[in-house]
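If you want the building blocks of each chain, they are given just below.
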Amino acid sequence: MEMKVLSKLWISASQTLANTGLLRRSCYNTGGWSIPRVSAELIAHLHPPVPEFVDRDCVFPFVYGDVTHYNCISIHSDYDWCSLDTEFQGRWRYCTGQDPPKCSFPFFFKQKIFHHCTKEGYIFNRSWCSLTKNYNRDRKWKQCSPQNF
């Protein structure tokens, strides 16, 4: 019974992948059942190598898709990621809890220069900071953590 199910799965896979070139036409015999041999490309596709953890800092801001990003993004991914270059060059890594963008001090807001997080201008009475040197121009900000960074 188990071999019949396995055989049906291989037949289905063969039909699905027939035009991709990922499935070879040669077979091997296992107790009377012929199971197609799978090319290395299909095996690599089904079991991709585990990527190494890149021990480099995310670069903020970074440009991806003609848009400047000031924090981790999930574009084309199920998980947040960041670029390792100011202009995305294909080098990236998944984000961790240590990767949120950092405040940019000092920063200019309204007519003042701030050297630490401020509650000024935030209606919820929470501290915030700018992610760029000039909040008035860029309007990029984040809430400050209890440690004010």
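Residues numbered from 1 in each chain as written. Predicted model: local features only at pLDDT ≥ 70, side-chain atom pairs only at ≥ 80, totals over all residues. Heavy atoms only, no water.

Nonpolar side chains collect at one region of the surface, where Y79, W92 and Y94 lie side by side and expose about 360 Å² of accessible area between them. For Y79, the location among the structural elements is in the loop between β4 (67-69) and β5 (81-83). (Patch = residues over 30% accessible without salt bridge, like charges linked within 9 Å, V, L, I, M, F, W, Y side chains within 5 Å. Areas by Shrake-Rupley, 256 points an atom, 1.4 Å probe, with all protein chains shown as cover. Salt bridge = Lys/Arg side-chain N within 4 Å of Asp/Glu carboxyl O. Helix = DSSP H or I, 4+ residues; strand = E, 2+ residues; numbered from the N terminus.)

This brings us to the nonpolar core. With 10 residues, the main nonpolar core is built from C103, F107, F109, F114, C117, Y122, W128, C129, Y135 and C144. What F114 contacts, discounting residues up to four positions off in sequence, is F105, P106, F107, F109 and E120. By size, the runner-up hydrophobic cluster in this structure holds seven residues, among which are C58, C72, W81 and C95. (Core = buried A, V, L, I, M, F, W, Y, C linked by side-chain atoms within 4.5 Å. Buried < 20%, exposed > 50% of the residue type's maximum accessible area, 1.4 Å probe, protein only. Contact = heavy atoms within 4.5 Å.)

A few words now on the layout of surface pockets. Looking at the largest pocket, its volume works out to about 220 Å³. Around the largest pocket sit 13 residues that line it, and C58, F60, P100, P101 and K102 are the ones nearest its centre. For the lining of the largest pocket, the per-class residue count stands at eight nonpolar, one polar and four charged. (1 Å grid on protein atoms, 1.4 Å probe; cavity = no way out; pocket = protein on both sides within 12 Å on 5 of 7 lines; lining within 4 Å. Points joined across faces, edges and corners; volume = space filled by probe spheres on them. Nonpolar A, V, L, I, M, F, W, Y, C, P; charged D, E, K, R; others polar.)

Before going further, it helps to examine the pattern of salt bridges. Under the counting rule described, the total for this entry stands at four salt bridges. As a salt-bridge pair, R93 and D99 come within 2.7 Å of each other at their nearest N and O atoms. D99 shares its class with R93; the two are buried. As a salt-bridge pair, D138 and R137 come within 2.9 Å of each other at their nearest N and O atoms. A relative accessible area of 60% means that R137 is categorised as exposed.

Applying the stated criterion to the full structure yields 18 aromatic pairs. When the ring of F105 is compared with that of F107, the centres are 6.0 Å apart and the planes differ by 35°; the resulting orientation is tilted. Using a relative accessible area of 28% as the deciding quantity, one classes F105 as partly exposed. Look at F107 and W128: their rings are 5.4 Å apart centre to centre, the planes differ by 45°, and that puts the pair in the tilted class. (Phe/Tyr/Trp six-rings, centres within 6.5 Å; stacked < 30°, edge-to-face > 60°.)

So, on to the environment of D99. Tracing the sequence through the fold places D99 in the loop between β6 (92-94) and β7 (107-109). In the structure, D99 is positioned 42 residues away from D57 in sequence and 7.7 Å away in space, judged by C-alpha atoms. Residues in contact with D99, not counting those within four places in the same chain, are C58, F60, C72, R93 and Y94. Looking at D99, its side chain comes within polar contact range of the side chain of R93, at 2.7 Å. (Polar contact = N/O pair within 3.5 Å; in protein donor to acceptor, adjacent residues only side chain to side chain.)

Overall, the predicted model of the protein reaches an average pLDDT of 74, with 61% of residues at or above 70. No element of the protein has a lower mean pLDDT than helix α1 (residues 2-17), at 41, and none a higher one than strand β8 (residues 112-114), at 97. Scored below 50 in pLDDT, residues 1-30 shows 37 contacts in the model against residues more than four places distant or in partner chains. (pLDDT = per-residue confidence, 0-100.)

In the structure shown here, the tally under the stated rule is four disulfides. In this model, C58 is linked to C82 through a disulfide, with the two sulfur atoms separated by 1.9 Å. One disulfide, between C58 and C82, carries an S-S torsion of -65° and so falls in the left-handed class. Taken as a pair, C58 in the loop between α2 (40-46) and β3 (62-64) and C82 in strand β5 lie far apart in primary sequence, 24 residues in all. Judged by its relative accessible area of 0%, C82 is buried. Note on cysteine connectivity: C103 is disulfide-linked to C129, with sulfurs 1.9 Å apart. Of note, the bridge from C103 to C129 carries an S-S torsion of about -70° and is left-handed in sense. In this pair, C103 sits in the loop between β6 and β7 while C129 sits in strand β9 (residues 128-130), placing the two residues 26 residues apart along the sequence. (Disulfide = S-S within 2.5 Å.)

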